Amino acid sequence: MAEKGLDWGGWGYEDDLANAIIHAVDAGADILSNSWGGYGESVLIHEAVEYACTHGVLVIAAAGNDATSMKLYPAAYDEVVAVTATDESDYPAWWTNFGDWVELAAPGVNIYSTVWNNNYTYMSGTSMATPHVAGVAALIWSRFPNATGDWLRLWLRYTADDLGDPGFDVYYGYGRINARRAIEEAPPEHDLLI
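Okay, so let's go over this structure. Here the structure is a predicted model, which is why all the values come from computation and not from measurement. (Residues numbered from 1 in each chain as written. Predicted model: local features only at pLDDT ≥ 70, side-chain atom pairs only at ≥ 80, totals over all residues. Heavy atoms only, no water.)

**Brief notes about the overall build of the chain**
Piece 1. A tally of helices and strands in the chain yields five helices and six strands.
Piece 2. Traced from its N-terminal end to its C-terminal end, the chain shows the element sequence α-β-α-β-β-β-β-β-α-α-α.
Piece 3. Here the C-alpha radius of gyration of the chain, 16 Å, is about what a compact globule of 194 residues would show, namely 16 Å.
Piece 4. Referenced to the eigenvectors of the C-alpha coordinate spread, the extents of the chain come out at roughly 45 × 35 × 35 Å.
Piece 5. Relative to its full complement of 194 residues, the chain shows a buried share of 44%.
Piece 6. Relative to all contacts within the chain whose residues are 6 or more apart in sequence, the contacts with residues 24 or more apart total 60%.
Piece 7. Carbon and sulfur atoms make up 53% of the accessible area of the chain, which amounts to about 10500 Å² in all. (Helix = DSSP H or I, 4+ residues; strand = E, 2+ residues; numbered from the N terminus. Rg over C-alpha atoms; globule rule 2.2 N^0.38 Å. Buried < 20%, exposed > 50% of the residue type's maximum accessible area, 1.4 Å probe, protein only. Contact = heavy atoms within 4.5 Å. Areas by Shrake-Rupley, 256 points an atom, 1.4 Å probe, with all protein chains shown as cover.)

**Some thoughts on the sheet that holds strand β1 (residues 31-34)**
Strand pairing in a sheet takes place through backbone hydrogen bonds and is either antiparallel or parallel in direction.
Piece 1. The four strands are arranged β1-β2-β3-β4 in an open sheet whose pairing can be described as parallel. Each edge of the open sheet is held by one strand with a lone partner, namely β1 and β4 (104-107). Between one strand and the next, the sheet's axes are offset by a mean angle of 30 degrees, whatever the strand orientation.
Piece 2. Strands β2 (58-62), β3 (80-86) and β4 of the sheet are contacted by helix α4 (residues 149-158), whose axis makes an angle of about 45 degrees with β2. (Pairing = 2+ DSSP bridges. Axes fitted to C-alpha atoms, helices over the stretch in contact; angles between N-to-C directions.)

**Details of the side chain of T159**
Piece 1. Looking at the secondary structure, you find T159 in the loop between α4 and α5 (179-184).
Piece 2. Since its relative accessible area comes to 1%, T159 is described here as buried.
Piece 3. A distance of 2.8 Å separates the side chain of T159 from the backbone oxygen of W155, its partner in a polar contact.
Piece 4. Ignoring sequence-local partners within four residues, the contact set of T159 consists of N178, R181 and A182. (Polar contact = N/O pair within 3.5 Å; in protein donor to acceptor, adjacent residues only side chain to side chain.)

**Let's talk about the environment of T121**
Piece 1. Residue placement: T121 occurs in strand β6 (residues 119-123).
Piece 2. Sequence separation between T121 and G149 is 28 residues; the distance between their C-alpha atoms is 32 Å.
Piece 3. Once residues lying within four places of it in the same chain are set aside, the contact partners of T121 are I111, Y112, S113 and V115.

**Comments concerning the pattern of salt bridges**
Piece 1. Under the counting rule described, the total for this entry stands at six salt bridges.
Piece 2. Of the charged contacts, one joins E103 and R153 as a salt bridge, the two residues approaching to 2.6 Å between their closest N and O atoms. One end of the pair, E103, is in the loop between β3 and β4; the other, R153, is in helix α4, with 50 residues separating them in the sequence.
Piece 3. Take R153: its relative accessible area is 13%, and that puts it in the buried class.
Piece 4. Here E184 ties to R180 by a salt bridge, and the two come within 3.2 Å at their closest N and O atoms. (Salt bridge = Lys/Arg side-chain N within 4 Å of Asp/Glu carboxyl O.)

Structure follows, in structure tokens:
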């Protein structure tokens, strides 16, 4: 489902965005893909994110496109999967935000995208990367329908391709998502994801 929380120019109010999150949760959403954000923290939006998480919803959000380590919200909230963008060569997009608060990377450069006038165009941004993560999350949940949102979040990390510095790093987080590995790989016999 699509929730309208911003105007045609991409601007909006905290209460509209919080209401969009709550409405989606109450309507039965399992995954929220948020291609919006701002640099100021919001108690109201954070409470809406917490509401989603307490209902088992996986919240995913764009890290931002200003080539800065400044935290963008809601992506920077601990409850949210913050997504950076990679280019066609698996390098971080030059404009992607980064930092110790990001979690996963996904393709975000020259993504064929729908636009408002019933048309398509190539767009770039963490707003293009975020739905890739949400889509892979949905595929995983279709394979493991009894999984929790917390397990799904860990599985996305576990099956991501580790790029950049070994282990966690500020540009890729735990790595660039890998849909094939996330779907085909069997979970370990013992829950090593803890």
